[in-house]
Amino acid sequence: MIRRVYAAVVKTIGQGPAYELVDVPQPAKNQVQIQVIAAGIHKVVRSIADGRHYVKVKTLPFIPGIDGVGTLPDGKKVYFVNMAPPNGTMSQLVNADENMIIPLPDNADPVHFAAIMNAGLASWTALTERAQIKSGETVLVLGVTGSSGQMAAASARLLGAKRVVGVGRNKSLLNQLVADGTIDVSVPLDDDDTKYQELIAKEAADVDIVMDFLWGRPTEVAMAGIHAGRNDSSQHLRWVQVGQMAGATIQLNGGFLRSKNVELIGSGIGPISMKQMLQSLRSMVPMVVEGKLKTSVLTIPLKDIESKWQETADAKERVVVVM
């Protein structure tokens, strides 16, 4: 039986979604119908809707959203992933692949899970599946004052990092992250490249992993600092490129790659299989339930999606649509 429900609907790439009725068919044989409670408007969701992401939507109109939290027909709470445009997750009902579901405990906060699990892909999963972090290693987070960067620092700590260095522009937040133990050392990012490079050489030259949410010029200078200050050229450095808040490209000194044991790794939709992704996210669930991983959240009702989509584009919190 086809059911009519409300959803966020994008009719033109680059324009925000409208609040409209859509038809949801009976789930296919390998699908289950989910009553959606909340879905995240992550940066990747906006990027896809705007046409700026490497994942391109080929069918219009489409429903944005790649994940969410809801209940199964039997009432059990689940987190689910649905990367199958044109049918995204910002809909009151979603037919999802039964293999793309992670059970959640009854006490799981659906809004918090809708906000944080995608951030886990850029932090927890990037560390476990791409960097393959080991207990006792050291981690540098470029962009630690962003929500994903903070999550990466906290994840690194929970996964056994013995030392975490954070780079960011917000000095008061950097101080707070040091005070609460999220990071051990902060490196302020400003327009003084010489000072920034010297601090990287001093505090982070011998790290094992770089979680890079910035790219662009800050990455170029950080690479120069590590190149200049690294004590053991054979020590394996995994540089994980996760975001590009400071630019989409860099100028890379070939001497850095030839003289140091550097591995450049990308982490995003593509390099990590769905099986790996879900396995990693399952291991993250207890950390979220216990409050060891958390994030700030801004909620908006689905019915207000037309006005709030653009209004919340620059929100510092992770934005979640509540159905």
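Above this note sits the structure.
Residues numbered from 1 in each chain as written. Predicted model: local features only at pLDDT ≥ 70, side-chain atom pairs only at ≥ 80, totals over all residues. Heavy atoms only, no water.

K.L.:
Lay out the packing of aromatic side chains with the relevant residues and their values.
P.N.:
Scanning the entire structure with this criterion turns up two aromatic pairs. Summarising the aromatic geometry, the rings of Tyr-6 and Tyr-19 are spaced 4.4 Å apart at their centres and angled 10 degrees between planes, so their arrangement reads as stacked. With a gap of 13 residues between them, Tyr-6 in strand β1 (residues 3-9) and Tyr-19 in strand β2 (residues 18-24) connect regions that are remote in the sequence. Given a relative accessible area of 27%, Tyr-19 falls into the partly exposed group. (Phe/Tyr/Trp six-rings, centres within 6.5 Å; stacked < 30°, edge-to-face > 60°. Helix = DSSP H or I, 4+ residues; strand = E, 2+ residues; numbered from the N terminus. Buried < 20%, exposed > 50% of the residue type's maximum accessible area, 1.4 Å probe, protein only.)

K.L.:
Give me the layout of surface pockets: which residues, what numbers.
P.N.:
Taken as a whole, the second largest pocket holds about 240 Å³ of empty space. Broken down by secondary-structure element, the contributors of at least two residues to the lining of the second largest pocket are β2 and β6 (93-97). In terms of residues, the lining of the second largest pocket owes the most to one element, β6, which gives four residues. (1 Å grid on protein atoms, 1.4 Å probe; cavity = no way out; pocket = protein on both sides within 12 Å on 5 of 7 lines; lining within 4 Å. Points joined across faces, edges and corners; volume = space filled by probe spheres on them.)

K.L.:
Can you tell me about the pairing of strand β14 (residues 297-301), naming the residues and giving the values?
P.N.:
Direction of pairing for β14 relative to strand β15 (residues 318-322): parallel, over a ladder of five bridges. Of the residues in β15, the one forming a bridge with Leu-298 is Val-319. (Pairing = 2+ DSSP bridges.)

K.L.:
Outline the pairing of strand β5 (residues 77-81), listing residues and values.
P.N.:
With respect to burial, β5 is a largely interior element, five of its five residues being buried. Here β5 shows no split at all, with Lys-77, Tyr-79 and Val-81 on one side and Val-78 and Phe-80 on the other all buried. Here five bridges tie strand β4 (residues 67-71) to β5, and the two strands are oriented antiparallel to one another. Paired with Thr-71 across the two strands is Lys-77, which belongs to β5. Here β4 folds back onto β5, and the loop between the two strands holds five residues, one of which, Gly-75, carries a positive phi near 90 degrees.

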